[in-house]
Amino acid sequence: MAQPHYNSMPARGHGTAPLFNPSKPRELPRYFTELKFLFASCGVTENAKKKALGICYVDYNTSEQWLSISEYQPYDDSQPALPYSYDNWKRAVISLYPGADAATKYSMADLDRIMGKAARTDIKTIGQFADYYRKFYQVSKWLTDSGQIGSLERDRFFQNGLGPSLWSNTQHRLNIVERDVRPGDPYTMAQMKTTAKFVLHGTNTSMNGTKYSQQTPGLYARNDMPYFGQSKTAPLIPPVKIEETKKRFADMDHKLETVLATLQKLTTNGGSINNGAPQPSHCLFCGKTGHTIHTCYKAN
């Protein structure tokens, strides 16, 4: 019977080697899951070898911490009751990182942090709303399934994260399409999600806000609703410069006075402007002075 072929464990730093960043403790279970698949594909079954490989792919300080755990001691087959197996050591490692344990993965503080950040951001685009919804759903789903919060409390938290501007327009739409909800009862997160996406339709799909000139106007382009895509740094109406406006009006007044004075002189002098001084007579036929066309000998 042919022996099964097993792959070799990747070297530390190789592209296929598992990684763990101590600054991201929630990724620790994934690290051990990747190790589990590698152990199966490479035929690693001994507890001591699993532990050695477990600390092989982390940085020096982390490996020293994991080595100091008492459960890292060699596994004694004659005393199986001692907590020296690989699984015992893995559980001890996970207990060192708050948030890595599945029983304490998220807390109400995490949900409150997500809600507060979204409310302070004042969601203006559908991209920002989608980012808020994904993060909120991830944490609230775990808290709801674990029984730490109820659905009503979750829905109220989600509403508070929409901010006053978006919630005002979302509530206005909900009052029209969800008439069966009694006053004072919260709308469900699913109802608010659908309506908020409708309200923000046509806005930018990225998570960052953009200027009004770069936006595609959606529902907020209507006269009865503000346009959330408008940036504070790019107002729809440019600011009025008072000094420049005064100067322009002064120039207009001066020009108007000049025109009125000229018209008055034309009216007073029978349609000619002479400023009170005698005009020299000249012939319109020959162009010489001293006579007019009526007495010009060339014209006659």
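Residues numbered from 1 in each chain as written. Predicted model: local features only at pLDDT ≥ 70, side-chain atom pairs only at ≥ 80, totals over all residues. Heavy atoms only, no water.

### A closer look at the overall build of the protein
Regarding its fold elements, the protein presents 10 helices and zero strands. What you see in the protein, going N to C, is helices and strands ordered as α-α-α-α-α-α-α-α-α-α. Taking all 300 residues of the protein together, 31% fall into the buried category. Intrachain contacts of the protein at a sequence separation of at least 6 include 55% that bridge at least 24 residues. Carbon together with sulfur atoms contributes 55% to the accessible area of the protein, which is approximately 20200 Å² in total. (Helix = DSSP H or I, 4+ residues; strand = E, 2+ residues; numbered from the N terminus. Buried < 20%, exposed > 50% of the residue type's maximum accessible area, 1.4 Å probe, protein only. Contact = heavy atoms within 4.5 Å. Areas by Shrake-Rupley, 256 points an atom, 1.4 Å probe, with all protein chains shown as cover.)

### Some points on the confidence of the model for the protein
Looking at the protein as a whole, the pLDDT averages 79, with 76% of positions reaching at least 70. Confidence, expressed as mean pLDDT per element, reaches its minimum in the protein at helix H10 (residues 242-268) with 77 and its maximum at helix H6 (residues 126-145) with 93. For the stretch residues 210-236, pLDDT sits under 50, and the model shows 51 contacts to residues farther than four places along the chain or on other chains. (pLDDT = per-residue confidence, 0-100.)

### With respect to the nonpolar core
Phe-129, Tyr-132, Phe-136, Phe-158 and Leu-162 are the most contacted members of the largest nonpolar core, which totals 26 residues. Going through the elements one at a time, helix H5 (108-121), H6, helix H7 (151-161), helix H8 (163-177) and helix H9 (189-199) are the ones with two or more residues in this core. It is H6 that contributes the most residues to this core, seven residues altogether. Membership of the second largest hydrophobic core comes to 25 residues, among which are Val-44, Val-58, Tyr-86 and Ala-92. (Core = buried A, V, L, I, M, F, W, Y, C linked by side-chain atoms within 4.5 Å.)

### A word on the packing of helix H1 (residues 28-42) against helix H2 (residues 47-56)
At a closest axis distance of 11 Å, the pairing of H1 and H2 adopts a crossing angle of 130°. The angle between the axes of H1 and H2 places the two elements in the oblique class. The hand of the H1/H2 crossing is right-handed. Between H1 and H2, the residues in contact are Tyr-31, Leu-35 and Phe-39 and Lys-50, Leu-53 and Gly-54, respectively. For the contact of H1 with H2, the residue count by class is four nonpolar, one polar and one charged. (Axes fitted to C-alpha atoms, helices over the stretch in contact; angles between N-to-C directions. Parallel < 35°, antiparallel > 145°, perpendicular 65-115°, else oblique. Left-handed = near helix turned anticlockwise from the far one by under 90°. Nonpolar A, V, L, I, M, F, W, Y, C, P; charged D, E, K, R; others polar.)

### Describing unusual backbone geometry
Even without being glycine, Asp-122 reaches a positive phi, approximately 60°. If you trace the backbone, Asp-122 turns up in the loop between H5 and H6. You can call Asp-122 partly exposed: its relative accessible area is 22%.

### Some words on H5
With 14 residues, H5 ought to run about 20 Å at 1.5 Å a step, and its terminal C-alpha atoms sit 20 Å apart, in line with that. The complete set of buried residues in H5 reads Asp-110, Leu-111, Ile-114, Met-115, Gly-116 and Ala-118. The elements touched by buried residues of H5 are H6 and H7. (Expected span 1.5 Å × (residues − 1).)

### A short note on the pattern of salt bridges
Taken as a whole and assessed by the stated rule, the structure comprises seven salt bridges. When the shortest N-O distance is used, the salt bridge between Lys-135 and Asp-131 registers 3.4 Å. Note that Lys-135 and Asp-131 are positioned in helix H6 at a spacing of four residues, about one turn of the helix. Look at Asp-131 and you get buried, because its relative accessible area is 18%. A salt bridge links Lys-141 to Asp-145, with the nearest nitrogen and oxygen atoms 2.6 Å apart. Here Asp-145 and Lys-141 lie together in helix H6, a separation of four residues that amounts to about one turn. Through salt bridges with shared partners, one network takes in Arg-26, Asp-110 and Arg-113. (Salt bridge = Lys/Arg side-chain N within 4 Å of Asp/Glu carboxyl O.)

### As for the environment of Cys-286
Mapped onto the elements of the fold, Cys-286 is located in the segment after H10. Considering only alpha carbons, one finds Cys-286 and Lys-298, 12 residues apart in sequence, at a separation of 7.4 Å. In this structure, Cys-286 is in contact with His-291, Cys-296 and Lys-298, ignoring residues within four places of it in sequence.

### Re the side chain of Lys-50
With respect to the helices and strands, Lys-50 occurs in helix H2. No salt bridge is formed by the buried Lys-50; the nearest opposite charge belongs to Asp-87, separated by 6.0 Å. (Lys, Arg positive; Asp, Glu negative; His and termini not counted.)

### Regarding the packing of aromatic side chains
Under the definition given, this model contains 20 aromatic pairs. Relative to Tyr-31, the ring of Phe-20 has its centre 6.1 Å away and its plane inclined at 45°; by these criteria the two rings are tilted. One end of the pair, Phe-20, is in the segment before H1; the other, Tyr-31, is in helix H1, with 11 residues separating them in the sequence. Of the two residues, Phe-20 and Tyr-31, both sit in the buried class. (Phe/Tyr/Trp six-rings, centres within 6.5 Å; stacked < 30°, edge-to-face > 60°.)

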